[in-house]
Amino acid sequence: MRALRILVAASAVLLFLGLGTSTIWDANEAYYVETPRQMVQSGDFVNPTFNGAPRFNKPVLSYWIVAGFYKVLGVSVWAERVAIAIGALGIAAAAFVIARIIWSVRAGWIAALVLLTAPRVVFFARRIFIDIYVTLFMSLVLMFFVLAEARPVHRRRYLLLMYVAAGLGVLTKGPVAIALPAIAFLVYLAIERRLADIRRMHLVTGALIVAAIVTPWYAMVYAEHGWQYIRAFFIGENVGRFSETVGHQDRPFYFYVPVLLTELFPWSLFVPVALAHAATVARSSLHRLLLCWIAVIVIAFSFSSTKQDLYIFPIVAALAALIAGLFEQAMNGEERARRWTHWTWPVVAVAMLALWIPLGRLFGAASSVYFIHGARIAAVLLLAGASAVTVYWFRRRTFEALVTLGLAFAAINYVLVLVALPYFERFKPVAPLSATALARNPGAHVVQFRTPLPSMVWYLGKPVEEVYDLPVLRQRLARPEETLVLLKERDYPEVQALAPTCIVDRRPLLDVKPREIMAGTALPQMLLVSNRCAKNGDGS
């Protein structure tokens, strides 16, 4: 137990280290850094804006949270990331409570370890604000429902807290934050033949709580704009995304199956046996509650026309709890859990070895286009971890194998965060190109051509125009004042044909597909181009 606590504490600390050492991640993070800054500067906390335009495609709570941190800590990317890290820590805490209530204190620590050592979660906890927070609030909804089921004496208290979490989720993401939990709980009660318990859910009080949290902002928006933005959000961002594909996608119905199996890698390799084991355990109905939660969220978004891997991120606390429960029962001698867990460890070791080779060759070789400091260290840790896990598997030491896996990935995460991510900055061109633009001409009109990189709005401190059509770009380049254009190198010949221009600066951008990384394809270049070449003697 002591080893688990130390590992969880060390992993939690990592969430808060080096938060200001990397620039903004496009495109998601840019909106949740810049929009709250506009709120703080303007004093208008009702109407979110970005790049000089209204931004009502998401509810307002995420912006308010960051604005609150700005008020306390000052306006900075670091302050916004502190808020994200706290949200991620809250998800791990919810997983701890869920696993502790259903299984044991040890299972709670294992669930927290699973979440805090999964590289994907650690990475998201530094850049994906809204999905971290909707996952936090939905995980709290699940946690309070579990507490209400497990501790009926305090059922009313936990259900009211559940409705508070649901209301905060709705004000973060929209109706999905309450609709999916409601369906999951309804399915659970139906399976348990307890539909009559719906009368004990305090639905009227719960609806009033949710309305009290959600309604005031929407009422203020309606008072200023009528139904325009409200209708666009509920129909366009919710019904529209479900019924119609947004962007260029061709994702099959089973798109979320591999996502489910990699969401908490390496621990997610235990997901198939954890799900199977939970489905066959009859001792506690709360096992089936977690299964209902996961199934409803995954199936619902599988029917959506627009599919994004982060849509099912709210399952992670339930997944971590199920994985922890599998380990707990295996270590307690339950035969099926022990056997299934035992034969999954070799799969984990092989997967780690499979990552070791490309990590060392593609990112660890100094001659590689994609060389990143720390990649070789991470590869060594993968090899050492896989070897140790294999030894403990052979000796049938489940707890030691579990701690070793957690230790290996905690160490890998430290290397990735403190060594690799700062070096990764060379693949992120927006901040240096913005600095070049400001040094050259702070008053220049800046245009992004066919490549929206919204974080530039933050770094320039002013709106940036997005242009996709050549005739519009010709008009901008024909202006007497200087116009700076951000574009990919492949589009530059078309721009040269429009007007005399010159390249002011260029930077690489990591915008390639996995097969191109495997082939060692050169990185595309982002160019900053000016229509006033003679000003500083620049040449094209």
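Thresholds applied
- Residues numbered from 1 in each chain as written.
- Predicted model: local features only at pLDDT ≥ 70, side-chain atom pairs only at ≥ 80, totals over all residues.
- Heavy atoms only, no water.
- Helix = DSSP H or I, 4+ residues; strand = E, 2+ residues; numbered from the N terminus.
- Buried < 20%, exposed > 50% of the residue type's maximum accessible area, 1.4 Å probe, protein only.
- Contact = heavy atoms within 4.5 Å.
- Areas by Shrake-Rupley, 256 points an atom, 1.4 Å probe, with all protein chains shown as cover.
- Phe/Tyr/Trp six-rings, centres within 6.5 Å; stacked < 30°, edge-to-face > 60°.
- Lys NZ or Arg CZ within 6 Å of the ring centre and 35° of its normal.
- Salt bridge = Lys/Arg side-chain N within 4 Å of Asp/Glu carboxyl O.
- Pairing = 2+ DSSP bridges.
- Axes fitted to C-alpha atoms, helices over the stretch in contact; angles between N-to-C directions.
- Right-handed = clockwise from strand over helix to strand, strands pointing away.
- Core = buried A, V, L, I, M, F, W, Y, C linked by side-chain atoms within 4.5 Å.
- Arc of directions from axis to C-beta.
- Patch = residues over 30% accessible without salt bridge, like charges linked within 9 Å, V, L, I, M, F, W, Y side chains within 5 Å.
- Left-handed = near helix turned anticlockwise from the far one by under 90°.
- Nonpolar A, V, L, I, M, F, W, Y, C, P; charged D, E, K, R; others polar.
- pLDDT = per-residue confidence, 0-100.
- Polar contact = N/O pair within 3.5 Å; in protein donor to acceptor, adjacent residues only side chain to side chain.

### Considerations on the overall build of the protein
Thinking step 1. Check the secondary structure of the protein and you find 24 helices and seven strands.
Thinking step 2. Among the 540 residues that make up the protein, the fraction classed as buried is 54%.
Thinking step 3. In the protein, of all internal contacts separated by at least 6 residues, the share reaching a separation of at least 24 is 76%.
Thinking step 4. For the protein, the exposed surface amounts to about 22,500 Å²; the carbon and sulfur share of it is 64%.

### Quick word on the packing of aromatic side chains
Thinking step 1. This structure, assessed with the given rule, holds 26 aromatic pairs.
Thinking step 2. Note on Phe424 and Phe427: the rings are 5.2 Å apart at their centroids and 75 degrees apart in plane angle, and the pair reads as edge-to-face.
Thinking step 3. The exposure class assigned to Phe424 is buried, which follows from its relative accessible area of 17%.
Thinking step 4. Residue Phe427 is classed as buried on the basis of its relative accessible area, which comes to 2%.
Thinking step 5. Pairwise contacts between aromatic rings join Tyr32, Tyr63, Phe129, Tyr133 and Phe137 into one cluster.
Thinking step 6. When the ring centre of Tyr31 is taken as reference, the NZ or CZ atom of Arg55 above it lies at 3.7 Å.
Thinking step 7. Sitting above the plane of the Trp25 ring, Lys428 keeps its charged end 3.7 Å from the centroid.

### Let's talk about the pattern of salt bridges
Thinking step 1. Enumeration according to the criterion identifies 21 salt bridges in this entry.
Thinking step 2. Residue Arg120 pairs with Asp309 through a salt bridge whose shortest N-O separation is 3.0 Å. One end of the pair, Arg120, is in helix H6 (residues 119-124); the other, Asp309, is in the loop between helix H14 (285-302) and helix H15 (316-331), and 189 residues separate them in sequence.
Thinking step 3. A relative accessible area of 23% means that Arg120 is categorised as partly exposed.
Thinking step 4. For Asp309, a relative accessible area of 25% gives the class partly exposed.
Thinking step 5. Among the salt bridges present, the one from Glu400 reaches Arg397, with a minimum N-O distance of 2.9 Å.
Thinking step 6. The exposure class of Arg397 is partly exposed, given its relative accessible area of 33%.
Thinking step 7. Counted as one network, the salt bridges with shared partners bring together Glu149, Arg155, Arg194, Asp197 and Arg200.

### Some details on the environment of Val77
Thinking step 1. On the secondary structure map, Val77 appears in helix H4 (residues 77-102).
Thinking step 2. For the pair formed by Val77 and Trp103, sequence separation is 26 residues and the distance between their alpha carbons is 39 Å.
Thinking step 3. Beyond its immediate chain neighbours, meaning those up to four positions away, Val77 contacts Ile24, Glu29, Val33 and Trp458.

### What about the sheet that holds strand S7 (residues 525-530)?
Thinking step 1. An order of S4-S3-S5-S7-S6 is seen for the five strands of this open sheet, with the pairing classed as mixed. Across the chains shown, the open sheet's two edge strands, defined by having one partner strand only, are strand S4 (465-467) and strand S6 (502-508). On average, each strand axis in the sheet is tilted by 25 degrees relative to the strand beside it, whichever way the strands run.
Thinking step 2. Pairing analysis gives three bridges linking strand S3 (residues 445-449) to S4, with the strands arranged parallel. When the bridges of S4 are listed, Gln448 appears paired with Glu466.
Thinking step 3. Taken strand by strand, helix H22 (residues 470-477) contacts S3, S4 and strand S5 (483-488), and its axis lies near 160 degrees from that of S3.

### What about the pairing of S3?
Thinking step 1. By the criterion of burial, S3 is predominantly enclosed, with four of the five residues buried.
Thinking step 2. Where S3 and S5 come together, four bridges link them in parallel fashion. Within S5, the position partnered with Val446 by the bridge is Leu484.
Thinking step 3. Read from S3 through helix H21 (residues 455-460) to S4, the crossover connection turns out right-handed.

### Regarding the nonpolar core
Thinking step 1. Judged by nonpolar contacts, the single largest core of 149 residues is most densely connected at Leu264 and Trp345.
Thinking step 2. Those residues in contact with Leu264 that lie beyond four places of it in its chain are Val114, Leu115, Ala118, Val121, Val316, Leu319, Ala320 and Ile323.
Thinking step 3. Counting residues in each nonpolar core, the second largest holds 16 residues, with Leu433, Leu453, Leu460 and Leu528 among its members.

### Brief notes about the side chain of Thr35
Thinking step 1. One can find Thr35 in helix H2 (residues 28-42).
Thinking step 2. Ignoring sequence-local partners within four residues, the contact set of Thr35 consists of Pro48, Thr49, Phe50, Arg55 and Tyr63.

### Structural notes on H22
Thinking step 1. Of all the positions in H22, only Leu473, Arg476 and Leu477 are classed as buried. Each buried residue of H22 lies within a common arc of 95 degrees when the element is viewed along its axis, so the set occupies one face.
Thinking step 2. Those residues of H22 that are buried lie in contact with S3, S4, S5 and helix H23 (492-496).

### Considering a nonpolar patch on the surface
Thinking step 1. Among the surface-exposed residues, Leu353, Trp356, Ile357 and Leu383 lie close enough to one another that they form a single nonpolar patch of about 310 Å² accessible area.
Thinking step 2. Along the chain, the position of Ile357 falls in helix H17 (residues 345-363).

### Concerning the packing of helix H1 (residues 2-14) against helix H5 (residues 105-117)
Thinking step 1. At a minimum axis distance of 9 Å, the contact between H1 and H5 shows a crossing angle of 30 degrees. Between H1 and H5 lies a crossing of left-handed hand. For the pair H1 and H5, contact is made by Leu4, Arg5, Leu7, Val8, Ser11 and Ala12 and by Arg106, Trp109, Ile110, Ala112, Leu113, Leu116 and Thr117, respectively.
Thinking step 2. When grouped by side-chain class, the residues that make up the contact of H1 with H5 number nine nonpolar, two polar and two charged.

### Regarding the confidence of the model for the protein
Thinking step 1. With 95% of its residues at a pLDDT of 70 or more, the protein has an overall mean of 90.
Thinking step 2. Under a pLDDT of 50 for its full length, residues 535-540 has, in the predicted model, 14 contacts with residues more than four places off or in other chains.

### Here we look at the environment of Leu289
Thinking step 1. Checked against the element boundaries, Leu289 lands in helix H14.
Thinking step 2. In this structure the C-alpha to C-alpha distance between Leu289 and Phe327, which are 38 residues apart in sequence, comes to 18 Å.
Thinking step 3. Setting aside anything within four residues of it in sequence, one finds Leu289 in contact with Leu142, Phe145, Val146, Phe185 and Tyr188.

### Re the environment of Asn332
Thinking step 1. Structurally, Asn332 can be placed in the loop between H15 and helix H16 (335-342).
Thinking step 2. Judged by its relative accessible area of 53%, Asn332 is exposed.
Thinking step 3. A distance of 3.2 Å separates a polar atom in the side chain of Asn332 from a polar atom in the side chain of Arg106.

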